[in-house]
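What follows is the residue order along each chain.
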Amino acid sequence: MGRGEAIFERECTGCHGERGEGDVGPALFETGLDATEVTAAVEQGRGIMPAGIVTGQEQADVVAYVVSVSSPPQ
């Protein structure tokens, strides 16, 4: 398990579900999000998600993970 995935499991699965498949929060899996969108959501918050839930290297790692799972299969 990579760092971003571990951080996602710790901080995000409660709302976004396993691998970002959605639950209370919106699905992230295979939605085509890019790093700019994910970074903005993490920094500013969105809906019930608080701003700055992760920062620094943890933010960079979780953004990279979310982008990887949100990329549609090619």
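Residues numbered from 1 in each chain as written. Predicted model: local features only at pLDDT ≥ 70, side-chain atom pairs only at ≥ 80, totals over all residues. Heavy atoms only, no water.

**With respect to a negative patch on the surface**
Thought 1: Judged by side-chain charge, Glu9, Glu18, Glu21 and Glu30 come together as a negatively charged surface patch.
Thought 2: Residue placement: glutamate 30 occurs in the loop between helix 2 (13-16) and helix 3 (35-44). (Patch = residues over 30% accessible without salt bridge, like charges linked within 9 Å, V, L, I, M, F, W, Y side chains within 5 Å. Areas by Shrake-Rupley, 256 points an atom, 1.4 Å probe, with all protein chains shown as cover. Salt bridge = Lys/Arg side-chain N within 4 Å of Asp/Glu carboxyl O. Lys, Arg positive; Asp, Glu negative; His and termini not counted. Charge placed at Lys NZ, Arg CZ, Asp CG, Glu CD. Helix = DSSP H or I, 4+ residues; strand = E, 2+ residues; numbered from the N terminus.)

**Structural notes on the nonpolar core**
Thought 1: Within the largest apolar cluster, 12 residues are counted, these being Ile7, Phe8, Cys12, Leu28, Val38, Val42, Val54, Val62, Val63, Tyr65, Val66 and Val69.
Thought 2: Taken together, the elements giving at least two residues each to this core come down to helix 1 (3-11), helix 3 and helix 4 (56-70).
Thought 3: The leading source of residues in this core is helix 4, at 5 residues.
Thought 4: Residues contacting valine 63, with those up to four places away along its chain left out, are Ala35, Val38 and Thr39. (Core = buried A, V, L, I, M, F, W, Y, C linked by side-chain atoms within 4.5 Å. Buried < 20%, exposed > 50% of the residue type's maximum accessible area, 1.4 Å probe, protein only. Contact = heavy atoms within 4.5 Å.)

**A few points about the layout of surface pockets**
Thought 1: Computed from the structure, the largest pocket encloses a volume of approximately 510 Å³.
Thought 2: As for the largest pocket, its lining consists of 24 residues, and the residues nearest its centre are His16, Pro26, Leu28, Ala41 and Met49.
Thought 3: Those elements giving two or more residues to the lining of the largest pocket turn out to be helix 1, helix 2, helix 3 and helix 4.
Thought 4: Element by element, the count of residues in the lining of the largest pocket is highest for helix 3, at 4 residues. (1 Å grid on protein atoms, 1.4 Å probe; cavity = no way out; pocket = protein on both sides within 12 Å on 5 of 7 lines; lining within 4 Å. Points joined across faces, edges and corners; volume = space filled by probe spheres on them.)

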